Amino acid sequence: GRSDRGRPAASAVMRVILDAGPMLNFLAVGQENCLIQLAATFKTELKIPDQVCAEVRRVGSSGRFRRSGATHRLEVLLTAGRVGLLSDDVSTNSVLAHELSLVSGAPAADRIRTSKDLGELMVIAHACSLAKEGVTACIVIDDGNGRRLAKAAQKRVEAAGYPGALALLSTRGILEQAEPSWLKGSVDWRDVYARMRAFDDGLGPLPG
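A brief structural summary. What you see is a predicted model, and the numbers here were worked out from it, not measured in a lab.

Basis of the calculations
Residues numbered from 1 in each chain as written. Predicted model: local features only at pLDDT ≥ 70, side-chain atom pairs only at ≥ 80, totals over all residues. Heavy atoms only, no water. Helix = DSSP H or I, 4+ residues; strand = E, 2+ residues; numbered from the N terminus. Rg over C-alpha atoms; globule rule 2.2 N^0.38 Å. Contact = heavy atoms within 4.5 Å. Areas by Shrake-Rupley, 256 points an atom, 1.4 Å probe, with all protein chains shown as cover. Pairing = 2+ DSSP bridges. Axes fitted to C-alpha atoms, helices over the stretch in contact; angles between N-to-C directions. Buried < 20%, exposed > 50% of the residue type's maximum accessible area, 1.4 Å probe, protein only. Parallel < 35°, antiparallel > 145°, perpendicular 65-115°, else oblique. Nonpolar A, V, L, I, M, F, W, Y, C, P; charged D, E, K, R; others polar. Left-handed = near helix turned anticlockwise from the far one by under 90°. Core = buried A, V, L, I, M, F, W, Y, C linked by side-chain atoms within 4.5 Å.

1. Points about the overall build of the protein
The helix and strand inventory of the protein stands at ten helices and five strands. Here the protein has a C-alpha radius of gyration of 16 Å; the compact-globule value for 208 residues is 17 Å, and the two agree. The principal-axis extent of the C-alpha atoms belonging to the protein is close to 45 × 35 × 35 Å. Contacts spanning at least 24 positions in sequence make up 73% of the contacts within the protein whose residues lie at least 6 apart. Counting only carbon and sulfur atoms, one obtains 49% of the accessible surface of the protein, whose full area is about 9700 Å².

Shown next, in the form of structure tokens:
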């Protein structure tokens, strides 16, 4: 489990972009309202790349997630417009293609054909593309390597003087900062986190 220091400073335009792991965590335990309220606090939208949507549908309908209702909740959010999709078509978006190449270290046209870790790479590439447009893009990612790549991108975006910026959040960081009213059933965030750990082996134990 990873904590985040403080909420990102709100800019005029923000977006919250989720990786598949955190998205599944909140959907599996029925606490997607927490994400909706997070976005509302920032007066922004929740976004997921096409690749992340496909991953959540695939993983959410199998294994330990199969009976959790995660995929049903995802479709409800998409239909209601609570979560928007970001197109991963690098053939029509040169900025996205360039950012994916920088993040992955491979030509975008090649990297898009390899599914391994593609979701998190697309999350970061989309965030960088938005930062180039002056948006503060909040990346929600738990995976250790994904967070390292996001931090490297954060430094690059800052050094390059993009008009926007990248911020980094995690499942645990969001729960720690959540208002009690955000959580369905008036439960303590630690209980929600404990339930999420049954679905996500990557979430570490909370300190004693």
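2. A word on the sheet that holds strand β4 (residues 136-140)
The strand order β3-β2-β1-β4-β5 describes an open sheet built from five strands, whose pairing is parallel. Strand pairing shows two members of the sheet lacking a second neighbour, β3 (83-86) and β5 (165-169), which therefore form its edges. Each adjacent strand pair in this sheet contributes to an overall mean axis angle of 30°, direction not counted. With three bridges connecting them, strand β1 (residues 14-18) and strand β2 (residues 45-49) associate as parallel partners. What sits directly across from Arg15, in β2, is Glu45. Across the face of the sheet, helix α2 (residues 32-41) comes into contact with β1, β2 and β5 while running at roughly 120° to β2.

3. Let's talk about the side chain of Glu99
Checked against the element boundaries, Glu99 lands in helix α5 (residues 94-104). Given a relative accessible area of 0%, Glu99 falls into the buried group. If near-sequence neighbours (up to four positions away) are discounted, Glu99 is found in contact with Ala125, Cys128, Ser129, Lys132, Arg156 and Tyr162.

4. Overview of the packing of helix α1 (residues 20-28) against helix α4 (residues 70-80)
At their nearest, the axes of α1 and α4 sit 8 Å apart, and the two run at 100° to each other. Judged on the interaxial angle alone, α4 and α1 are roughly perpendicular. Across the interface between the two elements, Met23, Leu24, Leu27 and Ala28 from α1 touch Ala70, Arg73, Leu74 and Leu77 from α4. Of the residues that constitute the contact of α1 with α4, the class distribution is seven nonpolar, no polar and one charged.

5. Side note on the pairing of β2
Where burial is concerned, most of β2 is hidden: four out of the five residues are buried. Summarising the sheet, β2 and β3 pair through four bridges and their orientation is parallel. For Leu46, the partnering residue across the bridge sits in β3 and is Val83.

6. Side note on the environment of Leu46
Mapped onto the secondary structure, Leu46 falls in strand β2. Along the chain, Leu46 and Leu18 lie 28 residues apart, while their C-alpha atoms are 7.4 Å from each other. Apart from residues lying up to four places away in sequence, Leu46 is in contact with Val16, Leu18, Leu35, Ile36, Ala39, Arg82, Val83 and Gly84.

7. With respect to the pairing of β1
The buried fraction of β1 amounts to four of the five residues, a majority that puts the element mostly inside the structure. Where β1 lies against β4, five bridges are found, and the strand directions are parallel. What sits directly across from Leu18, in β4, is Val140.

8. As for the packing of helix α3 (residues 50-60) against helix α7 (residues 118-132)
At a closest axis distance of 8 Å, the pairing of α3 and α7 adopts a crossing angle of 145°. Crossing geometry of α3 relative to α7 is assigned as left-handed. Along its contact with α3, which presents Gln51, Val52 and Glu55, the element α7 presents Leu118, Gly119, Met122 and Val123.

9. Focus: the environment of Gly81
Here Gly81 lies in the loop between α4 and β3. Using a relative accessible area of 56% as the deciding quantity, one classes Gly81 as exposed.

10. Some words on the nonpolar core
In this structure, Met23, Ile139, Leu166 and Leu175 are the most contacted members of the largest nonpolar core, which totals 70 residues. For this core, the leading source of residues is α7, giving ten residues.

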